[in-house]
Amino acid sequence: MTVATTSAAPPRRAPRGRPWPGPPRPAPLAAAAALTLIGLAAAHPALFTSASPVETDPAHALTAPGAAHWFGTDQLGRDLFTRVLYGTRTSVLLGLGSTLLAVAGGAALGLAAALGGRWADRTLMRLADVLLALPPILLALLTVTVLGPGSVNVTIAIAVAFAPGYARIVRAETLVVRTSGYVESATVLGLRRPLLILRHIVPNALGPMLVLATVGFGASLIAASGLSFLGLGPQPPSPEWGTMLSEGRNFLSTAWWIGVFPGAAITCTALDVTVQAQVLALLDTLRGRGTSLLLISHDLSVVAGLADRVAVMYGGRVVEQGPTARVLGTPRHPYTRALLDAVPATHTKGTRLSSPRPPGTPAEAEGCAYAARCPWADDDCRTTLPERDTYGSVCHHPRTSLLQLAPATAAPAASGTERAFGAPLLVAEHLTKRYRAPDGTAYDAVRDVSLTLHGGETLGIVGESGSGKTTVARILLGLTEPDAGTVRFHGTPWTGVPEKRRRPLRPRVQAVQQDPLGSFDPRYDVERVLGEAIALTAVRGRRERRARAAALLDQVGLPASVLRRRPRELSGGQRQRVAIARALAPAPDVVVCDEPVSALDVSVQAQILDLLDDLRRETGVTLLFISHDLGVVHHISDRVLVMKDGAVVESGDVRTVFEHPTEPYTRRLLAAVPGTPFAPAPTPVILSSSAPPPP
C-alpha cells in the first residue's frame, strides 16, 4: 500500500543560533591540541626552551632522556628537545611553503586549461598526465638533483611533484563552476569576462583546495623530511626533522632517542592534519521489492496517480486523511481545498491562483493550525483543536470547506484575454544546435526552430524532457551559439557576434532559472546578489544601491530584512522571488523563465505565477516561460510552442492549442497529464457531517 503525504505549510525562518552539537569527540580535540602546540613551537620555540639548538657539549654527548635533557642529547651533546622544537619551524615551513607553491602552480595550470580553450586544455593536461605518471618522490628527487640541495630547492622540487594533481582537480572544479547557474546568471547580467572569472569562477573553483591542501600539507611535510633524510634538504647544523632522523640511524642500537623523537614529530604532525580532513559518509540501504511506500510530495497530480491513501499536513499536523479519490475529489478541510484551488487548470485561466489573504503563520495555540489563514475561522478554531470526523478531516466547519474558498478574482489584464502586443523584440529563425553523443554519433538537440517574442506577451514553450526547451532558452540568452540559424534582438544580431558586441545589451535580456539556489553564488547574501545586478545600472552609491535592493524585494513581496540573509536560509519560494528581483534589477525587456516553479509546492507555485503575471502588467516586461507542466503554461501564457525531439510540432494561441490540438503528439501530451488538470471544474458538493463514512 502506498501512503502519500503532502505538506505546504508556510516556510519557517531558520533559527539564528545553531543547536549545541554535544561534547567534542576525542580525536578532533586531540588533533586540535597537538596542532596548537606544533604551531606555537614553530612560531616561538623559545617559549619552551632557553637552550641553543646548535650549541655543542661533548662532555654530555649521547646522554639518555632525563630531567636535565627531556629527549636526551645527540652525538655532539646538543639538546634533542631544543633541536626538535627549532626543527619544527624548519620542517613546517618546508611543508607549508611547498604546499602553497604547489597549490598556486596547480591552480594556475588548472584554470588556464579550463578557461584557455581546447588546445590549451589538451596541451596542459597532457603535460600534467606525464608528470603524474612519475611517483612524486621520484619527480622531486629528479628536480632537486638538477637544482641542487637546499631549503629553497627542496620546496620547489616538492611543489613540482604535487602541482599536477592540484591542476587536475582545479580544472575539474572550474569546468563545473563555469557551467553553474550563478556563473550563467552573471554572464546574462553582462559581467565582463575578467571580472566574471575573478569574482565567481576562481573563488568557487578554489574552495575545495583548502581541504585538499590540508591533507597535502602532511604529504609535503613527509616528502620534505624524506629529501632531508637523503641529505638534499637543509644542511647541518640547521635543525630539521629529516636531517636529525638521518643522523640518528647510526645510533639506533646505542642511542635510540636520537632518531625516535624526530620521527615521532614527523608522524604526529602529518597524522593530526589528516584527522582534520576526514569526512564521514552515511549510506542508506534500499529496501527490497514488495515493501510499502511512503511518498512525500507537493505534486498533487503525482499523489493522485500513485497513492492509495493520502494525508494532508499543515503546521506539523495532519488536517485531513483518507482514500486519495475522496480526499482530493471532495475535500472537507479548507487547506486541502486551497491546495487544489492553487493547481492551474482550464477554469482557472484569467484568475489569480493564490489567496488574496496574507499568508499568516501556523497557530501556536491549541487551536487549528490553519486558523490564521482560513476565511471561516472563528474563536473556536483559534482556541480548540477540532476532533477528527468520520471522513478523516480535522475541522470545525468541514461542510463549508467543500465550497470554493473565494470567488475567482480576475486579473486586471488576465492571461489569455485578447490583448494588443508590441513590436517584435526577440526574433529567432531556423535555429539548429547539434551535439555529439558519447558514442560519437551526432544528434540535433534543436532543429529548425523559429519563434518571435512580442513586447508585453508571454510565450510558453512546453514539451517533455529532452525536447530541446532548455537549449532554445540558452541560445536566446546568448549562452550557447547555434550551429545554424540566427537570433535578433531589437533588430540587432544577437547570435554569431563577439561577446563584446552583445554585452551592452545583456542587461535587457534576463533569466529566472529552475534552481534559484544554484543560480546564486554561495558566498553572497541577498544584498550582494541583488547589488551585483544593480551595479550594472545607473544607481551609484552604497546607500542608493541598498535602497534599490529593498525596493526590488518589496516589488516581489519580500521584506527588506531578507537582504542580510543568505539564500540557503530562505525557503524555495523566497529564493525564487529573489531570483525574480535580480532579473528585474536592470529593467529588462525580456525575461526567460526556465522551469521557475517546478520545484515549488502548489501554494507557493500559485504565488509565483500570480507575481509574474502582476509584474508583466506593471512593468510591461516580456516573458518566455518554459515548463513541462501543461497546466502552468496554459495558465500564464498567451501563445505556446509545443516541442518534440528538438522541433516545434505545434504553435498558436494557448487556448486554441490546448483545447483543439491538431497534432497527435500534443493530444498525447495533454492526455498523459496525471489527474487531467484540463478537465472542467468540478461542481462543489456539500456532504453532511453526520453521514456515514464512505466504503
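Figured I'd write up the structure that's included with this text.

Conventions we followed
Residues numbered from 1 in each chain as written. Predicted model: local features only at pLDDT ≥ 70, side-chain atom pairs only at ≥ 80, totals over all residues. Heavy atoms only, no water. Helix = DSSP H or I, 4+ residues; strand = E, 2+ residues; numbered from the N terminus. Buried < 20%, exposed > 50% of the residue type's maximum accessible area, 1.4 Å probe, protein only. Phe/Tyr/Trp six-rings, centres within 6.5 Å; stacked < 30°, edge-to-face > 60°. Lys NZ or Arg CZ within 6 Å of the ring centre and 35° of its normal. Pairing = 2+ DSSP bridges. Axes fitted to C-alpha atoms, helices over the stretch in contact; angles between N-to-C directions.

**Regarding unusual backbone geometry**
Within the chain, Asp448 stands out as a residue other than glycine whose phi angle is a positive 55°. Position of Asp448 among the secondary structure elements: in strand β6 (residues 442–454). By relative accessible area, Asp448 is classed as partly exposed at 46%. With a phi angle near 55°, Asp645 is a residue other than glycine that sits in the positive phi range. Relative to the elements of secondary structure, Asp645 occurs in the loop between β13 (639–644) and β14 (647–653).

**Points about the packing of aromatic side chains**
Applying the stated rule across the entire model yields two aromatic pairs. Ring geometry for Tyr435 against Tyr443: centres 6.3 Å apart, planes inclined by 40°, an arrangement best described as tilted. Taking relative accessible area as the criterion, Tyr435 reaches 30% and is therefore assigned partly exposed. Take Tyr443: its relative accessible area is 42%, and that puts it in the partly exposed class. Looking at Arg122, its charged tip hangs above the ring of Trp119, at a distance of 5.6 Å from the centre. Sitting over the face of the ring of Trp494, Arg502 holds its NZ or CZ atom 5.9 Å from the ring centroid.

**Some thoughts on the sheet that holds strand β7 (residues 458–462)**
Across the sheet, which stays open at both edges, the six strands sit in the order β10-β11-β12-β7-β13-β14 with mixed pairing between neighbours. Both outer strands of the open sheet, β10 (509–512) and β14, are each paired with one neighbouring strand and no more. Mean inter-strand twist for the sheet, computed between neighbouring axes without regard to direction, equals 20°. Sheet analysis places β7 next to strand β12 (residues 622–627), joined by five bridges and oriented parallel. When the sheet's bridge partners are listed, Ile461 is paired in β12 with Ile626.

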